[in-house]
Amino acid sequence: LVSPPHLLLHSDAAAIEEVAPALFSQIREECGVESGGYAWSVAHRGFKLVAFATNSKSGETFFFSHDGRFIVKTISDKEAGVLVRMLPAYMAHL
């Protein structure tokens, strides 16, 4: 998921963009995660995301989904591009 950290930290309106949704949907399916449950966990309205401290080298921010089932990480456009390029090999690995 990609979102500029300032939107999540300094606004009541979070902007979340799922990169390569079809591929990640396949990954979730392979891992037994139901799409509806995932969407409810990550995009639940009326909940403020809870950031937690890490020693992340990238300086990006991590959040728990409202129910604690998932971790959401902000990433740069560059990191998103690298991730998308890695996905086909990751899918083959699964």
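Our structure's up above, just so we're on the same page.
Here we summarise the structure given alongside this text. Here the structure is a predicted model, which means the values were calculated and not measured.

## Some remarks on the side chain of R28
Piece 1. Mapped onto the elements of the fold, R28 is located in helix α2 (residues 21-30).
Piece 2. Given a relative accessible area of 12%, R28 falls into the buried group.
Piece 3. Once you skip the residues sitting within four places of it in the chain, R28 turns out to touch E18, P21, V33 and Y38.

## Notes on helix α4 (residues 77-93)
Piece 1. With 17 residues, α4 extends 24 Å between its outermost C-alpha atoms, agreeing within 8% with the 24 Å of an ideal straight helix rising 1.5 Å per residue.
Piece 2. At L87, α4 shows its strongest bend, of approximately 40 degrees, with the proline P88 following within four residues.
Piece 3. Within α4, burial applies to A80, L87 and M91.
Piece 4. Turning to α4, the residues buried within the fold contact α2.

Reading the values: the criteria
- Starting afresh in each chain, residues are numbered from 1 along the sequence in its written order.
- Only residues with pLDDT of at least 70 are given local features in this predicted model, and only at 80 or more are side-chain atom pairs given and counted; all residues enter the totals for whole chains, interfaces and linings.
- As a convention, hydrogens and water are excluded, and side-chain values are obtained from all of the structure's heavy atoms.
- Each helix corresponds to a stretch of at least 4 residues labelled H or I by DSSP, and each strand to a stretch of at least 2 residues labelled E; elements are numbered beginning at the N terminus.
- Relative accessibility under 20% of the residue-type maximum defines a buried residue, over 50% an exposed one, and the middle range a partly exposed one, all with a 1.4 Å probe and only protein chains included.
- Pairs of residues are marked as contacts when any of their non-hydrogen atoms sit within 4.5 Å.
- One less than the residue count of a helix, multiplied by 1.5 Å, gives the span that helix is expected to have.
- Note that bend, as reported per residue, equals the angle between axes fitted to the 7 residues terminating at that residue and the 7 residues originating from it.

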